[in-house]
Amino acid sequence: MRISLFAVGRLKAGPEKDLASRYLDRFAKAGPAIGLELVRVTEVPESKASNAETRKRDEAAALEKALPDGAMLVLLDERGKSLDSEAFADTLVRFRDSGKRDLMVAVGGADGLDPALYARADMVLNLGSMTWPHQLVRILIAEQLYRAVTILSGHPYHRI
């Protein structure tokens, strides 16, 4: 399964970008052995619209444009389902084995996600009930993708 990461906002050079890149590189190297391939990270600028609803619509349009045809979509949202790392790994396997070729994980903008995306999503996932800066969310999901691969391949990185 080809996995893409979509994010509203760009990570500037610095420790956050370095750490996210480190985990995505690890995922890209380890994932193909178990059928998970990182194909791209798409960053789009935050909408400059004057109100939140229009900004969310603009950002959703950018996501829809980047979404491969027939792809599964996972939205990251604080109101989503909470999974531990092993359940997340199992979910990736289930998605991989569903016969779909592509999966996109989406990090919305500061205003959140457009309501129309929730109807389209295959899963809405939270990374904890606290609110996280988008830069840290990028690191967290990159690390969890890598951790999922290590769990699935029996690598000792994941310890309880």
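Definitions and limits used
- Residues numbered from 1 in each chain as written.
- Predicted model: local features only at pLDDT ≥ 70, side-chain atom pairs only at ≥ 80, totals over all residues.
- Heavy atoms only, no water.
- Pairing = 2+ DSSP bridges.
- Helix = DSSP H or I, 4+ residues; strand = E, 2+ residues; numbered from the N terminus.
- Axes fitted to C-alpha atoms, helices over the stretch in contact; angles between N-to-C directions.
- Contact = heavy atoms within 4.5 Å.
- Buried < 20%, exposed > 50% of the residue type's maximum accessible area, 1.4 Å probe, protein only.
- Right-handed = clockwise from strand over helix to strand, strands pointing away.
- Parallel < 35°, antiparallel > 145°, perpendicular 65-115°, else oblique.
- Expected span 1.5 Å × (residues − 1).
- Arc of directions from axis to C-beta.
- Polar contact = N/O pair within 3.5 Å; in protein donor to acceptor, adjacent residues only side chain to side chain.

Undergrad: So what exactly am I meant to see when it comes to the sheet that holds strand β5 (residues 123–126) here?
TA: Strands belonging to one sheet form pairs held by backbone hydrogen bonds; the direction of such a pair is parallel or antiparallel. Read from one edge of the open sheet, five strands run β2-β1-β4-β3-β5, paired in parallel fashion. If you trace the sheet from one side to the other, it starts and ends with β2 (37–44) and β5, each paired once. Sheet twist, expressed as the average angle between the axes of neighbouring strands with direction ignored, equals 30°. By the bridge criterion, seven bridges tie strand β1 (residues 2–8) to β2 in an arrangement that is parallel. In the strand pairing of β2, S4 is matched with R40. Against the sheet, helix α2 (residues 52–66) contacts β1, β2, β3 (72–82) and β4 (102–107), and its axis sits at roughly 160° relative to β1. Across the face of the sheet, helix α3 (residues 85–96) comes into contact with β1, β3, β4 and β5 while running at roughly 160° to β5.

Undergrad: Where do I start with the pairing of β4 in this structure?
TA: One face of the sheet, then the other: side chains in a regular strand alternate in exactly this way. Among the six residues in β4, six count as buried, and that is most of the element. Side chains of β4 alternate between two faces, with D102, M104 and A106 and L103, V105 and V107 buried alike. Taken together, the six bridges between β1 and β4 define a ladder with parallel strand orientation. Residue pairing for β4: F6 is matched across the bridge by A106. In this structure, β3 lies alongside β4, joined through five bridges in parallel fashion. Its bridge partner being in β4, M72 is matched across the sheet by L103. What joins β3 to β4 is α3, and the crossover it makes is right-handed.

Undergrad: I'm lost on the packing of α3 against helix α5 (residues 134–153) in this one. Help?
TA: In helix packing, the relevant descriptors are the interaxial angle and the interaxial distance, both defined with respect to the helix axes. Taken N-terminus to C-terminus, the directions of α3 and α5 make an angle of 80°; their axes are 9 Å apart at the nearest point. Judged on the interaxial angle alone, α5 and α3 are roughly perpendicular. Taking contact as the criterion, the partners of S85, E86, F88, A89, L92 and V93 in α3 are, on α5, I141, Q144, L145, R147, A148, I151 and L152.

Undergrad: Please explain α3 as it appears in this structure.
TA: Side chains of residues three or four places apart in an α-helix project in the same direction, reflecting 3.6 residues per turn. End to end, α3 covers 16 Å across twelve residues, agreeing with the expected 16 Å (1.5 Å per residue, within 8%). Here α3 has its buried residues at S85, F88, A89, T91, L92 and F95. All buried residues of α3 lie within an arc of 155° about the axis, which places them on one face of the element. As for α3, its buried residues are in contact with β1, β3, β4, β5 and α5. Among the residues of α3, the N-terminal cap falls to D84, whose side-chain oxygen and the backbone nitrogen of E86 are separated by 3.3 Å.

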